Each structure stands twice: as structure tokens, then as C-alpha cells.
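# Examination of the molecular architecture
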Amino acid sequence: MNVLLEILVYGAVQSAVYAMLALGFCLIFGVAGVVNLAHTTFFMIGAYLIYTLTSLANIPLPLGLVCAIFGTGLLGIAVQHFAIKPLIKSEYSVMMITIALAFFCQELVLSVFGPVDRNVKGFIDEKLTVFGLVDIDAQRILTLVVAVLLIVLLWWFINRTKMGNAIMAVAQNREGATFVGINATRIFLVVMFISACLAAVAGAFIAPTVGARPHMWENPLVRCFAVVVLGGLGSLEGTILAALIIGYTEVIVSFTLSSYLSELVILGIFMTVLIVRPSGLLGRRQEA
């Protein structure tokens, strides 16, 4: 029973983090049609910014969190405007410039902070006892709650607001949206800001449990890409479903077999689903 409860809680937290990262990646691809390989770098930057602001600059945690998220969002806008926009017509050029940016940021972090993991202050230091059986870090529970709230808020924003409707219009037909007066360039910047902020939130909230590390963007990038493709490119609902599958699979395999086998099992599921349904779980099938 204890192991089952741990799997349920840790799997939910893992899935929530992957969902926050993958939803931003999915938005960028769905709206701008580009693969941003620097996306999980914002995850790393969020973790290091919250560490710098709260541990080094001694800024109060709530203010440091807001500054870290907003600062990462502005960096996302800068990446979109100065790096992606000039090359947006070439998918391969965008992939090359974004992966180069990712490695540049990694080396910059290594130069400034060194290779040693940095401990980040937790928002909550206590442990919670679930059903009187299992002790779970309250920080992980907080991460799960924040992730769920942000996912619901993102769904409401996309489906219930004027800006959200404009984003969906650009994603469905960029030229048609431009003809009715929607500024596609502005929409790209808004989406990049949102996706960078989501990644920063994930980094800031998970950093107290795993630490801030220069290479912490690499494995999430693989997971993020797998989640988006598995769920169906451009499908927010599919992305959430795939995040649950990947997150729980990773935790179950780690608990029952070995953490070294989780990557193999995830890739096996990934390939199997794509062979059976190339468009992903909830992606639209291409008309013949």
C-alpha cells in the first residue's frame, strides 16, 4: 500500500512537471510551427534565477519567484524576436539556433556557478503524511497543486479569452488570421512568453527537491519532445494525457525495476504508439 501511494503521488508530480514543460513546447509548435530545442533551457534558467534571487540576493521568496518567472518570460520574448523570427521560414535553421542557444546557456551557467549542484530554498520545508501511511515532501505536493492550477488556467485562457481565440486562429490558419486583423508576430511573442513562464515555474518549484544543475535541461527536453509527439502535435489535451503516461511510466519502472530502465520503457511506448497511430494519441490524422 505504501509503495502504491508513493507511486501515485510521485507519478502525479512528475507528470505535472512534464505537462507544464510540454504544453509550452506544444504551444510554440502549434502556433509558430517551429521546434524550439532551447525550450527546457528556460526550465534551467528558472531554477538558477530563483536560487540567485533568494539565496544570493536574499530577496523574499514570493518576490523572487515573480521576478524569476517574469524575467524568464522576457528572455523568451528576446529569443523569439532576435533568434527565431529571422529564421522562422527555415525549420532546420530554427532547430540549429535554438540548440546552440541551449548549449550557450549551459556553458554560461557553468562559467558563473560551476558544475556543483546548488541547493534552492524550498517554499515549504515540512513533510505531509498521506492517509497516515506515507511521508511526502510538502514541496512536491505544492508543485503538483501549482501545476494543476496553471494547466487549468492555461486551458481557460486559450478557450475563453479573446487573446486565446486569436492564438487558436493563428495556429489554425496564419494567413486567414492576418486577413482579419490579427497580428501574428505579436501572437508569437505572447505564446513564447507564456511557454517560457511555464517552464520557469516548473524549474523554480522542482529545484528545491532536485537542486539547480547546469545539465538539468537535457533529460526534460527528451521527455518534453516525447510527450508532445506522443500526445499529437498541437493537441493540448493529448499533451496532458501523454505527460501522465510518461510521468507514471517513469515512476512505476523506477520503483518496481530500475531507474536505468525507465528511459528504455518510455521509448518503447513512444515507438509503439507512433507505429500504431503516427499522428499521436489525440492528434488529427492526415487526410489521404
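Residues numbered from 1 in each chain as written. Predicted model: local features only at pLDDT ≥ 70, side-chain atom pairs only at ≥ 80, totals over all residues. Heavy atoms only, no water.

## Observations concerning unusual backbone geometry
Despite not being glycine, Asn 58 shows a phi value in the positive range, around 55°. Tracing the backbone through its elements, the reader meets Asn 58 in the loop between α2 (41-56) and α3 (61-84). Assessed through its relative accessible area of 58%, Asn 58 is described here as exposed. (Helix = DSSP H or I, 4+ residues; strand = E, 2+ residues; numbered from the N terminus. Buried < 20%, exposed > 50% of the residue type's maximum accessible area, 1.4 Å probe, protein only.)

## A look at the pattern of salt bridges
Inspection of every chain in the model, using the stated rule, returns two salt bridges. Between Asp 137 and Arg 140 there is a salt bridge, with its nearest N and O atoms 3.9 Å apart. The exposure class of Arg 140 is buried, given its relative accessible area of 19%. For Glu 250, the salt bridge identified is with Arg 223, shortest N-O distance 2.9 Å. Taken together, the positions of Glu 250 in helix α10 (residues 236-256) and Arg 223 in helix α9 (residues 218-231) put the pair 27 residues apart, joining distant regions of the chain. The pair Glu 250 / Arg 223 is uniform in exposure class, with both members buried. (Salt bridge = Lys/Arg side-chain N within 4 Å of Asp/Glu carboxyl O.)

## A short note on the packing of α2 against α3
It is at 9 Å that the axes of α2 and α3 come closest, and there the two elements cross at 140°. Seen along the crossing, α2 lies across α3 with a hand that is right-handed. Each of Phe 42, Ile 45, Gly 46, Leu 49, Ile 50, Leu 53 and Thr 54 in α2 lies in contact with α3, whose residues at this interface are Leu 61, Gly 64, Leu 65, Cys 67, Ala 68, Thr 72, Leu 75, Gly 76 and Val 79. Class assignment of the residues belonging to the contact of α2 with α3 gives a composition of eleven nonpolar, five polar and no charged. (Axes fitted to C-alpha atoms, helices over the stretch in contact; angles between N-to-C directions. Left-handed = near helix turned anticlockwise from the far one by under 90°. Contact = heavy atoms within 4.5 Å. Nonpolar A, V, L, I, M, F, W, Y, C, P; charged D, E, K, R; others polar.)

## Observations regarding the environment of Phe 225
By secondary structure assignment, the location of Phe 225 is in helix α9. Looking at Phe 225, the relative accessible area reads 39%, which means it is partly exposed.

## A short note on a nonpolar patch on the surface
A grouping of Leu 257, Leu 261, Leu 264 and Val 265 is seen on the molecular surface, where their side chains present a nonpolar patch of about 370 Å² in accessible area. Secondary-structure assignment places Leu 264 in helix α11 (residues 259-276). For Leu 264, a relative accessible area of 61% puts it in the exposed group. (Patch = residues over 30% accessible without salt bridge, like charges linked within 9 Å, V, L, I, M, F, W, Y side chains within 5 Å. Areas by Shrake-Rupley, 256 points an atom, 1.4 Å probe, with all protein chains shown as cover.)

## With respect to the side chain of Thr 72
Examined against the element boundaries, Thr 72 turns out to sit in helix α3. The residues contacting Thr 72, other than those within four sequence positions of it, are Phe 42, Ile 45, Gly 46, Leu 49, Ala 196 and Ala 200.

## A look at the environment of Ala 169
Inspection of the secondary structure puts Ala 169 in helix α6 (residues 162-172). The exposure class of Ala 169 is partly exposed, given its relative accessible area of 25%. In sequence terms Ala 169 and Ala 184 are 15 residues apart; their C-alpha atoms lie 9.5 Å from each other. For Ala 169, the contacting residues outside a window of four places in its chain are Arg 174, Ala 177 and Ile 182.

## Details of the environment of Ile 151
Tracing the sequence through the fold places Ile 151 in helix α5 (residues 138-160). Sequence spacing of Ile 151 and Leu 198 is 47 residues, and the spatial spacing of their C-alpha atoms is 9.2 Å. Once residues lying within four places of it in the same chain are set aside, the contact partners of Ile 151 are Ala 19, Leu 23 and Ile 240.

## Looking at the packing of aromatic side chains
As enumerated under the stated definition, the model contains seven aromatic pairs in all. Seen from their ring centres, Phe 25 and Phe 225 are 6.3 Å apart, and the 90° between their planes marks the pair as edge-to-face. Residue Phe 25 is found in helix α1 (residues 2-32), and its partner Phe 225 is found in helix α9; the two are separated by 200 residues along the sequence. For Phe 25, a relative accessible area of 4% gives the class buried. Judged by centre distance (5.9 Å) and plane angle (75°), the rings of Phe 70 and Phe 193 are edge-to-face. Of the two residues, Phe 70 sits in helix α3 while Phe 193 sits in helix α8 (residues 184-210), which places them 123 residues apart along the sequence. An aromatic cluster of at least three residues, connected via ring pairs, comprises Tyr 48, Tyr 51 and Phe 113. (Phe/Tyr/Trp six-rings, centres within 6.5 Å; stacked < 30°, edge-to-face > 60°.)

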